Amino acid sequence: MSIEIANESGVAIDETTIVSAARFALDKMEVSPLAELSIMLVTLDVMEDLHERWMDLPGPTDVMAFPMDELDSSRRPDAADPSPALLGDIVLCPAFAKDQAKTAGHGLLDELHLLTVHGVLHLLGYDHAEPAEEREMFGLQKRILGEYQAAAAAFERRDAQRDADDRLLGTAGLDAPPAPVKTADDVDSV
């Protein structure tokens, strides 16, 4: 799966976790591994322009999704028969999402992960215009995001344990590489 990310927002973001959240959501939705996705992080001005131009709505927003391929049964990227597909673009606005994160009581990166999963679902044809659609999409979004957060936390715990183990081994002097073993050739050359 190819996921490209470009941060033109001016806000320093750990882009690798945004890509990880997108990849996790695409895997959970069983999207073809041949699919391609682009993620852009933009400024408030750029997002406002896109929002007005494509949605005919004033002001910036948090996330927009621009599907590339028509989502019919023969070309859907989550169809049973994997085939190459350009999913499209997800555009995120960290400056806008920052206030939402504060209101929700979590960090900006958590909000961007949520918006990334939301964008992926939009690219796959999910919407929230009607109450039933909203329940389905937001339920799926909550489940995927929860599973992603649990997997990320487990990875961080394993990584922290490895670091602690490495420090302990270093303190005990067990981290030094083994001494080279002399062979008959080494003895002859001396």
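Residues numbered from 1 in each chain as written. Predicted model: local features only at pLDDT ≥ 70, side-chain atom pairs only at ≥ 80, totals over all residues. Heavy atoms only, no water.

Draft legend 1. Quick peek at the overall build of the chain. Along the backbone of the chain there are six helices and four strands. Going from N to C terminus, the chain has its helices and strands arranged as β-α-β-α-β-β-α-α-α-α. Residue pairs in contact within the chain that sit at least 24 positions apart in sequence constitute 65% of those at least 6 positions apart. Accessible surface, the chain as shown: approximately 11600 Å² in total, 54% of it carbon and sulfur. (Helix = DSSP H or I, 4+ residues; strand = E, 2+ residues; numbered from the N terminus. Contact = heavy atoms within 4.5 Å. Areas by Shrake-Rupley, 256 points an atom, 1.4 Å probe, with all protein chains shown as cover.)

Draft legend 2. Inspection of unusual backbone geometry at higher detail. Of note, Glu30 is a non-glycine position whose phi angle comes to about 55 degrees, a positive value. Along the polypeptide, Glu30 turns up in the loop between α1 (15-28) and β2 (35-41). Its relative accessible area of 63% is what places Glu30 among the exposed residues. Its identity as a non-glycine residue notwithstanding, Asp56 has a phi of 60 degrees, on the positive side. With respect to the helices and strands, the residue Asp56 is situated in the loop between α2 (44-55) and β3 (63-67). In this structure Asp56 comes out as exposed when scored by relative accessible area, which is 69%. (Buried < 20%, exposed > 50% of the residue type's maximum accessible area, 1.4 Å probe, protein only.)

Draft legend 3. Geometry of the pattern of salt bridges. Counted under the stated rule, the structure contains three salt bridges. Between Asp49 and Arg53 there is a salt bridge, with its nearest N and O atoms 2.4 Å apart. Separated by four residues within a single helix, Asp49 and Arg53 lie in helix α2, roughly one turn from each other. Owing to a relative accessible area of 52%, Arg53 belongs among the exposed residues under this scheme. Here Glu147 makes a salt bridge to Arg143, at a shortest N to O gap of 3.4 Å. In this pair, Glu147 and Arg143 are both assigned in helix α5 (residues 131-171), four residues apart and thus about one turn of the helix distant. With relative accessibility at 39%, the residue Arg143 sits in the partly exposed group. If you follow the salt bridges from partner to partner, you end up with Lys28, Arg143 and Glu147 in one network. (Salt bridge = Lys/Arg side-chain N within 4 Å of Asp/Glu carboxyl O.)

Draft legend 4. Structural view of the sheet that holds β2. Overall, mixed pairing links the four strands, which are arranged β1-β2-β4-β3 in an open sheet. Taken across any chain shown, the strands that pair with only one partner, and hence form the sheet edges, are β1 (2-7) and β3. Mean inter-strand twist for the sheet, computed between neighbouring axes without regard to direction, equals 15 degrees. Where β2 lies against strand β4 (residues 85-92), seven bridges are found, and the strand directions are parallel. Note that in β4 the partner of Glu36 across the bridge is Leu86. α2 contacts β3 and β4 of the sheet and is inclined by roughly 50 degrees relative to β3. The sheet contacts of helix α4 (residues 108-123) involve β2, β3 and β4, and relative to β4 the element is tilted by about 145 degrees. (Pairing = 2+ DSSP bridges. Axes fitted to C-alpha atoms, helices over the stretch in contact; angles between N-to-C directions.)

Draft legend 5. Structural detail: the packing of aromatic side chains. A full pass over the atoms with the stated rule returns two aromatic pairs. Here the aromatic rings of Phe24 and Tyr148 are separated by 5.6 Å at their centres, their planes lie at 65 degrees, and the arrangement is edge-to-face. Highlighted residues: Phe24 in helix α1 and Tyr148 in helix α5, separated in sequence by 124 residues. Per residue, the accessibility class of Phe24 equals that of Tyr148, and both read buried. Taking the centre distance of 5.9 Å and the plane angle of 75 degrees together, the rings of Trp54 and Phe66 count as edge-to-face. Here the residue Trp54 occupies a position in helix α2, and Phe66 occupies one in strand β3, the gap between them amounting to twelve residues. (Phe/Tyr/Trp six-rings, centres within 6.5 Å; stacked < 30°, edge-to-face > 60°.)

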